[in-house]
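This is what each chain is made of:
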Amino acid sequence: MDLKQLNAFVAVADLQSFSAAAKITGLSQPSLSRLLKQLETDMNVALIDRYHRPLQLTEAGLFFYDKVRALLIELDTITNMTKRMSAPSSALNIGFVPSVLYGLLPEIIADFKHSAHQGANEADIEVNLKDISSYQQIEALKTGEIDVGFGRFAHQDPWIQQILLRHERYVVALPKAHPLAQNEEQRLIDLANNRLILYHQTHLPVSTTAATIIKTPNGMDKDIDSTEPVTEPLLHLFAQHGITPLMTTKVSDLQVALGLVAAGEGITLVPASLKSMRTEQISYQPLIHENVTSPVYLHTLKDFIHPKIPDLLRSVYQVYEQRGITYRVQQFI
Ligand code: BEZ
């Protein structure tokens with residue numbers, strides 16, 4: 001069994017056609033058929049059901065396809081990483097989610113560049129920033145599209161190490177004229193009958209079951225029969241306190257959500273570092289609940305850390321110190 005056979009098999013399975021697979025692998029159709037026949041003979045297993053159009057895999061073929069495809073992706077990751085290890089790029093490619101860009105990221109990058117510039121004989125480092133969701137950062141690290149990512153969701157992946165930088169508290173964003181804007185602190189229950197603007201594109205991987213008892217703003221508990229999983233991040237925070245907001249509106253991103261709050265269309269929760277946005281129209285207020293937080297993670301590969309990433313982490317801690325933000329120093333594996 002060799003790589004050529006495995007690549008040919010995966011191409012046929014993906015495209016369900018010998019001619020399309022021949023084109024994509026650069027083989028002639030007879031050579032492709034021969035390779036696959038040889039693979040099946042070596043294993044003494046029929047992998048492809050050749051009597052159906054489009055082609056289908058046998059049950060054994062489906063099992064083999066799942067495992068081999070994962071193996072080929074892994075091999076690609078290993079090849080990519082090995083190449084990068086021997087010649088790390090001089091630029092640092094950083095992936096980020098929008099909420100960290102509107103928060104501390106610009107300050108951290110400025111500190112990082114300033115420190116690099118001050119280092120003895122150090123050339124200026126080129127930094128490229130890429131707007132990329134937390135989940136996509138995992139794939140982008142493996143392919144080498146980015147060297148490091150800042151995101152807000154926990155991931156389990158054997159290739160990735162994730163450093164928890166801090167838990168950032170959420171604040172409530174309310175239109176300035178809203179009656180609740182008079183209160184110095186907010187409780188989730190008091191927000192429940194406002195329209196809650198949802199803006200996260202990524203949902204939580206683990207599901208929490210919605211509260212079966214809703215606490216209503218007038219203090220009466222109401223039974224609801226819901227076993228729906230709550231994976232939307234803001235609804236999840238409410239659900240953890242046994243609360244289901246009465247009305248929600250889903251928008252495409254954080255900027256749009258704050259635009260709607262500014263226009264008096266509802267309220268939302270944002271990480272505290274965003275509270276300087278649209279302050280002419282929006283009032284930001286703390287929540288009394290200490291556990292209503294959003295984590296900030298640094299993602300990088302386990303086996304290959306770009307040589308500039310430890311300096312970047314130092315800049316993160318430097319900015320935390322300047323701002324009096326509590327954090328625990330973490331080390332790379
Ligand atoms: C933070 O808000 O903690 C943060 C933002 C960007 C990069 C790293 C950390």
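Residues numbered from 1 in each chain as written. Predicted model: local features only at pLDDT ≥ 70, side-chain atom pairs only at ≥ 80, totals over all residues. Heavy atoms only, no water.

What about the overall build of the protein?
Defined as follows: Secondary structure follows DSSP: runs of H or I at least 4 residues long count as helices, runs of E at least 2 residues long count as strands, and numbering of each begins at the N terminus. As a reference, a globule follows 2.2 Å times the number of residues to the power 0.38, and the radius of gyration itself is taken over C-alpha atoms. For this analysis, residues touch if any pair of their heavy atoms sits within 4.5 Å. Where accessible areas are quoted, they stem from the Shrake-Rupley method and a 1.4 Å probe; at the residue level, only the protein chains shown are allowed to cover. Think of it this way: Lys and Arg go in the positive column, Asp and Glu in the negative one, and His and the chain ends go nowhere. Charge placement uses NZ in Lys and CZ in Arg. For Asp and Glu, CG and CD serve respectively.
The secondary structure content of the protein amounts to eleven helices and 15 strands. For a compact globule of 333 residues, the expected C-alpha radius of gyration is about 20 Å, and the protein comes in at 26 Å, more than 25% above that figure. If you line up the protein on its principal axes, its C-alpha atoms span 75 × 65 × 30 Å. In the protein, of all internal contacts separated by at least 6 residues, the share reaching a separation of at least 24 is 73%. Accessible surface, the protein: about 17,600 Å² in total, of which carbon and sulfur atoms supply 52%. Mean positive and mean negative side-chain charge positions of the protein (29 and 35 charges, respectively) differ by 3 Å.

Focus: the packing of aromatic side chains
The condition is simple: Any two rings among Phe, Tyr and Trp, with Trp reduced to its six-membered ring, count as a pair given centres within 6.5 Å; such a pair is stacked if its planes are under 30 degrees apart, edge-to-face if over 60, and tilted if neither.
Considering all chains together, one arrives at five aromatic pairs under this definition. Centre to centre, the rings of Phe9 and Phe64 are 5.4 Å apart; their planes meet at 50°, and the pair counts as tilted. Of this pair, Phe9 sits in helix 1 (residues 3-15) while Phe64 sits in helix 4 (residues 59-86), placing them 55 residues apart in sequence. Taken together, the ring pairs in this structure connect Tyr317, Tyr320 and Tyr327 into an aromatic cluster.

A short note on helix 11 (residues 309-323)
Where we set the bar: Here the expected span of a helix is defined as 1.5 Å times the quantity of residues minus one. Only protein chains enter the accessibility calculation, which uses a 1.4 Å probe; a residue is then buried when its area is under 20% of its type maximum, exposed when over 50%, and partly exposed in between.
Along its 15 residues, helix 11 runs 21 Å from first to last C-alpha, staying within 8% of the 21 Å computed at 1.5 Å per residue. Within helix 11 the residues assigned to the buried category are Ile309, Leu312, Leu313, Ser315, Val316, Tyr317, Val319 and Tyr320. At its buried positions, helix 11 is contacted by strand 3 (92-96), helix 6 (105-118), strand 5 (148-151), strand 6 (160-175) and strand 15 (293-301). Taken from the residues just after helix 11, Gly324 is the one with a positive phi, measuring 70°.

Things to note about helix 3 (residues 29-43)
Counted only if it meets this: This arc describes the spread of directions from the helix axis toward the C-beta atoms.
Here helix 3 is 15 residues long and its end C-alpha atoms lie 21 Å apart, about the 21 Å a rise of 1.5 Å per residue gives. Where helix 3 is concerned, the buried positions are Leu32, Leu35, Leu36, Leu39 and Glu40. Summarising the axial view, the buried residues of helix 3 lie within an arc of 130°, below the 170-degree limit, and thus occupy one face. Set apart from the buried face of helix 3 by more than 90 degrees, the exposed residues are Pro30, Arg34 and Thr41.

Points about the site of the ligand
Put simply, the test is: We call a residue near a molecule or strand whenever a single non-hydrogen atom of that residue lies within 4 Å of it. The definition of a polar contact used here is a pair of N or O atoms within 3.5 Å, where within protein one atom must be able to donate a hydrogen and the other to accept one, and adjacent residues in sequence count solely through side-chain atom pairs. Following the grouping adopted for this structure description, the nonpolar residues are Ala, Val, Leu, Ile, Met, Phe, Trp, Tyr, Cys and Pro, the charged ones are Asp, Glu, Lys and Arg, and the polar ones are all others, Gly among them.
Inspection of the region around the ligand gives Val100, Leu104, Leu105, Ile108, Phe150, Leu165, Arg166, Val296 and Tyr320 as its neighbouring residues. Taking Arg166, its side chain carries an N or O atom lying 2.7 Å from an oxygen atom of the ligand. One of the side-chain N or O atoms of Tyr320 is found 2.4 Å from an oxygen atom in the ligand. For the shell around the ligand, the elements supplying multiple residues, two or more each, are helix 6 and strand 6. Per-class residue counts for the shell around the ligand are eight nonpolar, no polar and one charged.

Quick look at the domain arrangement of the protein
Rule in force here: Just so you know, the domain bounds were taken from an automatic or database domain assignment. Buried area is a sum: the accessible area each of two parts loses on coming together, probed at 1.4 Å, counted once for each and added. Any Lys or Arg side-chain nitrogen located within 4 Å of an Asp or Glu carboxyl oxygen qualifies as a salt bridge.
Domain boundaries assigned for the protein yield domain 1 (3-86), domain 2 (91-166 + 295-323) and domain 3 (168-293). Taken together, the contact pairs twelve residues of domain 2 with 14 residues of domain 3. Carbon and sulfur atoms make up 65% of the surface buried where domain 2 meets domain 3, a total of about 1,100 Å² over both sides. For the domain 2 face of the interface with domain 3, the top three residues by lost area are Tyr102, Tyr135 and Phe153, together amounting to 52%. Remark: the boundary between domain 2 and domain 3 carries two salt bridges. Note that Arg152 is salt-bridged to Glu168, the shortest N-O span being 2.8 Å. Inspection of the domain 2/domain 3 interface yields three residue pairs in polar contact (both at pLDDT 80 or more).

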